[in-house]
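# Tertiary structure, described
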Amino acid sequence: MNYRHLILSSVTGLALSLTPALAQEAKKPEPPKQETGAKPAAPAVAAPEAPATKEAPVTKEAPAAKEAAEAPNQSVPDYLDDRSTPEQLVKSYYNAINRQEYARAYSYYAEEGHTQAFPQFQAGYENTVSVELRLGKVESEGAAGSTYWSLPLAIESTQKDGKRTVYNGCYRLRLANAAIQGVPFVPLSILDGTLQKFEKPLDQSVPEACEAP
């Protein structure tokens, strides 16, 4: 009986001495599981940055494309439609030419001033890009209830191929007495114009005067 008691006591003591060690090993963390779970998260954060880098050049080019689209509208002159004086009427006429508003330009001529049909008139400007105008001193004369004007001028025409040509001459204009006109009212209009090629620069090409209107 004493031997059995001693053996059981030894076994019990050994078990009690091993129990704290086993408990400590059970409480130890498992680093490999935490590390393997953290590593896959890195690519997920970096992935959205790649498209942003590729799209950056598109954002930079957008303003340049907008400026290129608006560039042609910068050369178009402001609209001018003024028949108050011979000078303003002729300026309005060439304003219409420069804006390619040929029907408006055609309307500045008096009915008897239409020496050609509108399609032929428009075709005469099909190669014209722009016209620069210089005016001289206007002269007037009254006759038979109307006032007539003669206006010396010079123009420089620029063609689509870049060629520039200077012309000079005179325009004649007329306005019937506005107080006695009926309906439809006929405003100040161009009767006719004569232009010929001139070899001097535009600023030196305006005639000093025209014949009597």
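Note: the structure precedes this text.
Residues numbered from 1 in each chain as written. Predicted model: local features only at pLDDT ≥ 70, side-chain atom pairs only at ≥ 80, totals over all residues. Heavy atoms only, no water.

### Examining the state of the cysteines
Under the criterion given, the structure shown has 1 disulfide. Between the sulfur atoms of Cys 170 and its disulfide partner Cys 210 the distance amounts to 1.8 Å. One quick way to see it: the torsion about the S-S bond of Cys 170 and Cys 210 is about -95°, and its sign makes the bridge left-handed. Separated by 40 residues along the polypeptide, Cys 170 in strand 4 (residues 164-176) and Cys 210 in the segment after strand 5 (189-197) bring together distant segments of the chain. An identical accessibility class is assigned to Cys 170 and Cys 210; each is buried. (Disulfide = S-S within 2.5 Å. Helix = DSSP H or I, 4+ residues; strand = E, 2+ residues; numbered from the N terminus. Buried < 20%, exposed > 50% of the residue type's maximum accessible area, 1.4 Å probe, protein only.)

### Some details on the environment of Pro 213
Assignment of secondary structure puts Pro 213 in the segment after strand 5. Look at Pro 213 and you get buried, because its relative accessible area is 18%. When the C-alpha positions of Pro 213 and Tyr 171 are compared, they lie 9.0 Å apart, and in sequence the two are 42 residues distant. Not counting chain neighbours up to four residues away, the residues in contact with Pro 213 comprise Glu 139, Ser 140, Glu 141, Tyr 148, Trp 149, Ser 150 and Arg 172. (Contact = heavy atoms within 4.5 Å.)

### Describing the nonpolar core
Formed by 23 residues in total, the largest nonpolar core has its most connected members in Tyr 93, Tyr 94, Ile 97, Tyr 171 and Leu 173. Going through the elements one at a time, helix 5 (86-98), helix 6 (102-107), strand 1 (128-135), strand 3 (146-159) and strand 4 are the ones with two or more residues in this core. Counting residues per element, this core draws most heavily on helix 5, at 6 residues. What Tyr 93 contacts, discounting residues up to four positions off in sequence, is Ala 105, Tyr 108, Tyr 109, Phe 121, Tyr 125, Tyr 171 and Ile 190. (Core = buried A, V, L, I, M, F, W, Y, C linked by side-chain atoms within 4.5 Å.)

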